[in-house]
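One letter stands for each residue in the lines below.
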Amino acid sequence: MSFPAVARSSSRGNREMAPRPRSRGRFWEVGGGSGDRLERAAAESERWELLLRRGELLALGGHLKGALEAYAAALRRGAPVRPECLGTLVDCLVLNYRLRHGLGWSAARAADAGAGGLLSCLGCRGFLSEPVTVPCGHSYCRRCLRRELRARCRLCRDRLPPAAAAAADAEGTTPRPPPLAAAIAASGFRTSVVLNHLAEKWFPSQQERARAAGRLGELLHQGRHREALAAAGEALRAEPSNLTLKIYRAESYAGLGEFKAAIEDLNAVLFQLPSWPEVYFRKGKVLHDAGFLGDALQLFLQCLALDEDFAPAKLEVEKNEEIPEASAEPVKGSLNRARSAQAINSTEMPAREDCLKRVSSEPLLSVQEKGALLKRKLSLSEQDVIVNEDGRNKLKKQGETPNEVCTFSLTYGDIPEELIDVSDFECSLCMRLFFEPVTTPCGHSFCKNCLERCLDHTPYCPLCKESLKEYLADRRYCVTQLLEELIVKYLPDELSERKKIYDEETAELSHLTKNVPIFVCTIAYPTVPCPLHVFEPRYRLMIRRSIQTGTKQFGMCVSDTQNGFADYGCMLQIRNVHFLPDGRSVVDTVGGKRFKVLKRGMKDGYCTADIEYLEDVKVENEDEIESLRQLHDLVYSQACSWFQNLRDRFRSQILQHFGSMPRREENLQATPNGPAWCWWLLAVLPVDPRYQLSVLSMKSLKERLTKIQHILTYFSRDQSK
């Protein structure tokens, strides 16, 4: 027996034969040495990886204190915690902050509704200067997108396409943006031509002020803080109530190291609009640059509590949040040791208690709240907040409405009637009122159907000829929400008339006996699949209309030299469409009803027809039914024999393209087209199309079976040779 020998082996031998932990982590930093040191390093690596995983799971469950302890233990064991690994912990911190401070979403939403009014930006809620419509159909001012204030759309949470997405992707911190978003980021933000024209026409003074603020932003971006400060001071003397200018002046002060003056400006903005997330972020940046890290962290959390998608604030928390050595005590100690911000912060912030002191204890989270955190949606379901003029929060019960919600001093509300011109809302392609307006990445707006028809022919903008290949490949065509809302609000009668015309056109296109679209190609048969590769512009339009009207049907006829297409055909039912990036499509269809052409026509380049459907004449006499069944069984057996005698190569090709032969049916007259196997057989038999067409037009099952029998007899004779 070998067991005693193993037992008497040396300790070194035991180490070599024992299963070793898998080496992971930073074991190479231990350096050369004995196997013991490598094993200890591997074991230590496994230990901190488990601790990091435990911390993440605790954060997902809402247990902040336990998560902090797990992350701290992992750090003590040398875990390399990068900022992007702390996203779950930051979400947990923000949720705790909301619960402790009573911050909910309803107050922020109410502020959104009241701020800015008609032409207001969804991001900063200020005037929609240089509006940019993003791929999801919502519009933001260029300032918000260029300053990378948001990662996702405020309304639909779709990923926004600023340059920040591309930069972060290069660092591996965010998922790769979709092609359309990447294309928009690469080409810069194009102003929506129609919306920008309306802003210029309706609010020229606000537009001019916004341009002035934009020039300030350029100076700050270039690092010319002293010039920006002088320009901001001059602009504020002319318009002292402009909150955006005060933010720019605060940034200028901060760039020059005058932190107290910057805080004073930001506090003034917060006094007028205490629910503006960007101001909390800007104030946090000032405090952070001044060295007050604890107070800055609280402001970043306050910003995220008001807007969970405020990307710069979340990035700052992830970068600057230091995991404590043990539990949360060192964090509280570090904040207590930090210099007080009272020297430069003259206005008391809401909820001045130490931030992490309040959130370090484990909260009592409900199941719903934990589920919301697991879905990365931080919300408060039980309570909300009213923000008073002094900047402090006051809890309110459900059902109450906030009486005091501060908004911008300028609201962009109703427009004088003389400024409303229907020509401002006309599509440049159809010269009619916009219906389902969409805006391309180059900033031009068209009716959705009009643009799709243009892209059927060429993937370029009809106006500026800029490439829309990515837009075509993405195929989202999201309606420009703001433009549609303006039409509904100011042109209801014109929109009603436009919709009436659209409904009439749709009803005409959805008729299945009058002006039925005809695809002139080959012969189709009932119940038999018919895959199509659609590349001609006229047939792209035809397929799209069939889908949009809801019928998902069109006719298929073989070509005819005299009349354009044959007198008989088969309806095809669309089962699935796979669109290719260049506009082509692969359409999966199956045969439906047979029809006879009564009248031919043409619409937008493709053929149409008035048709009547064909059905088999049913046999009522018992003797005739029995005779029909005997003929059916004989021909079916003959068909099976012919198919089995085919060469393997031919048989496998038929099975690949048409599937297996349908089984024999008990009730021969159950369907208007008779047994399905007859049509499958006609589709696979190499017969002249004119002969197949004659069988397709037959309304007698007996005649059809006789024709098929003659064909099989002919081919069986060839097989025997």
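For the structure, check the block above.
Residues numbered from 1 in each chain as written. Predicted model: local features only at pLDDT ≥ 70, side-chain atom pairs only at ≥ 80, totals over all residues. Heavy atoms only, no water.

K.L.:
Where do I start with the layout of surface pockets in this structure?
P.N.:
One simple way to see leftover space: roll a probe sized like a water molecule over the atoms. Within this model, the second largest pocket holds a volume of roughly 470 Å³. As for the second largest pocket, its lining consists of 22 residues, and the residues nearest its centre are R432, N449, R453, E505 and R545. When residues of the lining of the second largest pocket are traced back to their parent elements, those giving at least two are α21 (448–457), α24 (492–509) and α25 (537–548). At 6 residues, the largest contribution of residues to the lining of the second largest pocket is made by α24. Residues of the lining of the second largest pocket, tallied by class, amount to 8 nonpolar, 4 polar and 10 charged. (1 Å grid on protein atoms, 1.4 Å probe; cavity = no way out; pocket = protein on both sides within 12 Å on 5 of 7 lines; lining within 4 Å. Points joined across faces, edges and corners; volume = space filled by probe spheres on them. Helix = DSSP H or I, 4+ residues; strand = E, 2+ residues; numbered from the N terminus. Nonpolar A, V, L, I, M, F, W, Y, C, P; charged D, E, K, R; others polar.)

K.L.:
I keep staring at the nonpolar core and nothing clicks. Help me out?
P.N.:
Burial of nonpolar side chains together is a common tendency in soluble globular proteins. Counting residues in each nonpolar core, the largest one holds 82 residues, and the members touching the most others are L119, W202, W276, F425, F434 and L486. Among the elements that line this core, the one with the most residues is helix α16 (residues 293–306), at 8 residues. If you look at the next biggest cluster of nonpolar residues, it comprises 35 residues, including V528, I654, L682 and V687. (Core = buried A, V, L, I, M, F, W, Y, C linked by side-chain atoms within 4.5 Å. Buried < 20%, exposed > 50% of the residue type's maximum accessible area, 1.4 Å probe, protein only.)

K.L.:
What is the right way to read the environment of S716 from this model?
P.N.:
Mapping S716 onto the fold places it in helix α30 (residues 701–720). By relative accessible area, which is 25% here, S716 ends up partly exposed. Between the C-alpha atoms of S716 and L646, which are 70 residues apart in sequence, the distance is 9.8 Å.

K.L.:
How do you make sense of the pattern of salt bridges when you look at a structure like this?
P.N.:
Where charged atoms from two side chains of opposite charge come close, those side chains can pair. Enumeration over the complete set of coordinates arrives at 29 salt bridges. In this structure, E130 and R142 form a salt bridge, with 3.4 Å as the shortest nitrogen-oxygen distance. Here the residue E130 occupies a position in the loop between α6 (105–114) and β1 (131–133), and R142 occupies one in helix α7 (residues 142–146), the gap between them amounting to 12 residues. Close ionic contact of D604 with R545 constitutes a salt bridge, the shortest N to O distance being 2.6 Å. Here D604, found in the loop between β12 (585–603) and β13 (606–614), pairs with R545, found in helix α25; they are 59 residues apart in sequence, far enough to count as distant. Take D604: its relative accessible area is 35%, and that puts it in the partly exposed class. R545 sits in the buried class, given a relative accessible area of 14%. (Salt bridge = Lys/Arg side-chain N within 4 Å of Asp/Glu carboxyl O.)

K.L.:
Explain the packing of aromatic side chains to me, please; I cannot follow it from the model alone.
P.N.:
Geometrically, a pair of aromatic rings is defined through the distance of the ring centres and the angle of the planes. Enumeration over the complete set of coordinates arrives at 13 aromatic pairs. Measuring from centroid to centroid gives 5.5 Å for F281 and F310, while their planes differ by 50°, and the two rings are tilted. Taken together, the positions of F281 in helix α15 (residues 277–290) and F310 in the loop between α16 and α17 (311–320) put the pair 29 residues apart, joining distant regions of the chain. Residue classification places F310 among the buried positions, given a relative accessible area of 4%. Here F643 and W680 contribute two aromatic rings whose centre-to-centre distance is 5.5 Å and whose plane-to-plane angle is 75°, an arrangement assigned as edge-to-face. You can see F643 sitting in helix α26 (residues 622–644) and its partner W680 sitting in helix α28 (residues 676–684), a full 37 residues away along the chain. Under the relative-accessibility criterion, W680 is labelled buried at 2%. These aromatic residues form a ring-pair network of at least three members: W202, F425 and Y490. Positioned above the aromatic ring of Y613 is the side chain of K593, whose terminal nitrogen or guanidinium carbon lies 4.9 Å from the ring centre. Geometry around F565 places R600 over its ring, the cationic atom sitting 4.8 Å from the centre. (Phe/Tyr/Trp six-rings, centres within 6.5 Å; stacked < 30°, edge-to-face > 60°. Lys NZ or Arg CZ within 6 Å of the ring centre and 35° of its normal.)

What is shown is where atoms sit, not what they do.
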